[in-house]
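# Remarks on the overall topology
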Amino acid sequence: MASPMRSLLTDPSRYVQSFRLFLTNSTEHQCMREFMEGQLPAVIASIGNGKSTINILSVGGGAGEIDLLILSKVQARYPGVTIRNDVIEPSADQISKYKERVAETSNLENVKFTWHEETAYEYESRMNSEKKSKKWDFIHMIQMLYYVKDVPATIQYFHGLLEAQAKLLIILVSGTSGWEMLWKKYRSSFPLNDLCLYVSSADIKRILDSAGLKYQLHELPSHMDITSCFIEGNKDGELLLDFLTETCEFSKTAPPELKRQVMEELRKPECSEERDGKVLFNNNLSVIVIEP
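Residues numbered from 1 in each chain as written. Predicted model: local features only at pLDDT ≥ 70, side-chain atom pairs only at ≥ 80, totals over all residues. Heavy atoms only, no water.

### Comments concerning unusual backbone geometry
Both trends apply: most residues other than glycine have a negative phi, and most peptide bonds are in trans. We note that Q143 has phi near 50°; this positive angle belongs to a residue other than glycine. In this fold, Q143 is placed in the loop between β5 (136-142) and α7 (151-159). Given a relative accessible area of 17%, Q143 falls into the buried group. Backbone geometry at D276 places phi at a positive 50°, although glycine is not the residue there. The topology assignment puts D276 in the loop between β10 (272-275) and β11 (278-282). (Helix = DSSP H or I, 4+ residues; strand = E, 2+ residues; numbered from the N terminus. Buried < 20%, exposed > 50% of the residue type's maximum accessible area, 1.4 Å probe, protein only.)

Dropping the structure here:
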């Protein structure tokens with residue numbers, strides 16, 4: 001009998017709901033902000049040397065929170081220089097939130113925004129058919145490589161668009177995170193969707209090593225409070241479980257034995273730690289900075 005389980009990505013509004021709850025319950029953006037404040041200035045230190053315009057490409061820019069932080073660091077390093085910031089983002093909802101955010105942010109006079117409502121693959125196909133290959137001074141892909149069909153090909157394509165002084169920055173879950181443990185064990189039990197791949201920094205390192213690319217790796221400690229997942233019938237807990245398993249209505253549609261195993265797994269030290277009566281899931285991230 002076919003399982004009633006279906007991928008969370010088949011229900012975009014529930015996906016966005018669970019994703020926003022994940023951001024609220026985790027230190028995801030906080031640890032990224034700390035990286036942008038502390039370490040990004042060194043990463044972008046030479047991307048705009050001698051240039052009157054700096055070209056930045058945001059692949060999967062979402063609602064723009066982290067993008068605007070990156071732009072503020074580039075502006076601080078290269079005051080007064082024109083910045084062209086192109087954003088590839090398939091969700092119309094996220095793009096409209098991004099535009100609202102830009103409208104409310106001051107000091108963006110020297111930044112020219114262009115939004116492309118398409119996936120990374122659609123962008124690549126369009127550029128190829130238009131025979132264009134614009135070069136970029138900085139390309140970043142933050143938490144988006146789970147949603148491409150061919151990770152090595154995507155990295156190779158965007159890496160090929162880098163200028164001589166440029167950098168490609170990738171952020172995704174760490175190979176030491178609870179995600180990696182959960183996915184390794186249960187990926188075959190979750191409703192696999194060709195829209196979502198279970199990749200971590202461990203996979204990306206293998207890809208980069210076999211392609212002979214030079215990169216630096218930074219680990220960002222992060223956690224997510226999943227205590228509500230263990231309260232039967234708790235709405236937030238159910239949404240977070242959906243997000244963890246990439247499954248729509250996981251608690252209602254998963255076979256009881258699978259649900260029991262996953263709940264047990266989530267409490268194990270490989271996935272989470274219990275602190276002050278809370279269950280904190282290991283949401284560690286990796287930042288990978290790739291040279292041209």
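### Regarding the UniProt feature "binding site: substrate" (unreviewed entry) in the protein
Feature annotation in UniProt places "binding site: substrate" (unreviewed entry) on E28 and N283, given in this structure's numbering. For this annotated set, covering 256 residues, all C-alpha atoms fall within 7.4 Å of each other, a compact arrangement in space. Secondary-structure assignment places E28 in helix α2 (residues 28-38). Beyond its immediate chain neighbours, meaning those up to four positions away, E28 contacts F22, L23, Q143, S222, N283 and L285. Its place among the elements puts N283 in the loop between β11 and β12 (285-290). Not counting residues within four places of it along the chain, the set of residues in contact with N283 comprises F22, S26, E28, W179, S222, H223 and M224. At a separation of 3.0 Å, a polar atom in the side chain of N283 contacts the side chain of E28. (UniProt positions renumbered as here; feature names shortened; annotations may be inferred. Contact = heavy atoms within 4.5 Å. Polar contact = N/O pair within 3.5 Å; in protein donor to acceptor, adjacent residues only side chain to side chain.)

### Description of the nonpolar core
Counting 94 residues, the largest nonpolar core has L145, I155, F158, I170 and I204 as the members making the most contacts within it. Residue contributions to this core peak at eight residues, all from strand β6 (residues 162-173). (Core = buried A, V, L, I, M, F, W, Y, C linked by side-chain atoms within 4.5 Å.)

### Topic: the sheet that holds β12
Sheets are built from strands that pair by backbone hydrogen bonding, the pairs being arranged parallel or antiparallel. Read from one edge to the other, the open sheet built from seven strands follows the order β4-β3-β2-β5-β6-β12-β7, with strand pairing classed as mixed. Strands at the two margins of the open sheet, each flanked by one partner only, are β4 (111-116) and β7 (215-220). Taken pair by pair, the neighbouring strands of this sheet meet at an average axis angle of 15°, ignoring direction. Judged from the six bridges that link them, β5 and β6 form a sheet pairing that is parallel. (Pairing = 2+ DSSP bridges. Axes fitted to C-alpha atoms, helices over the stretch in contact; angles between N-to-C directions.)

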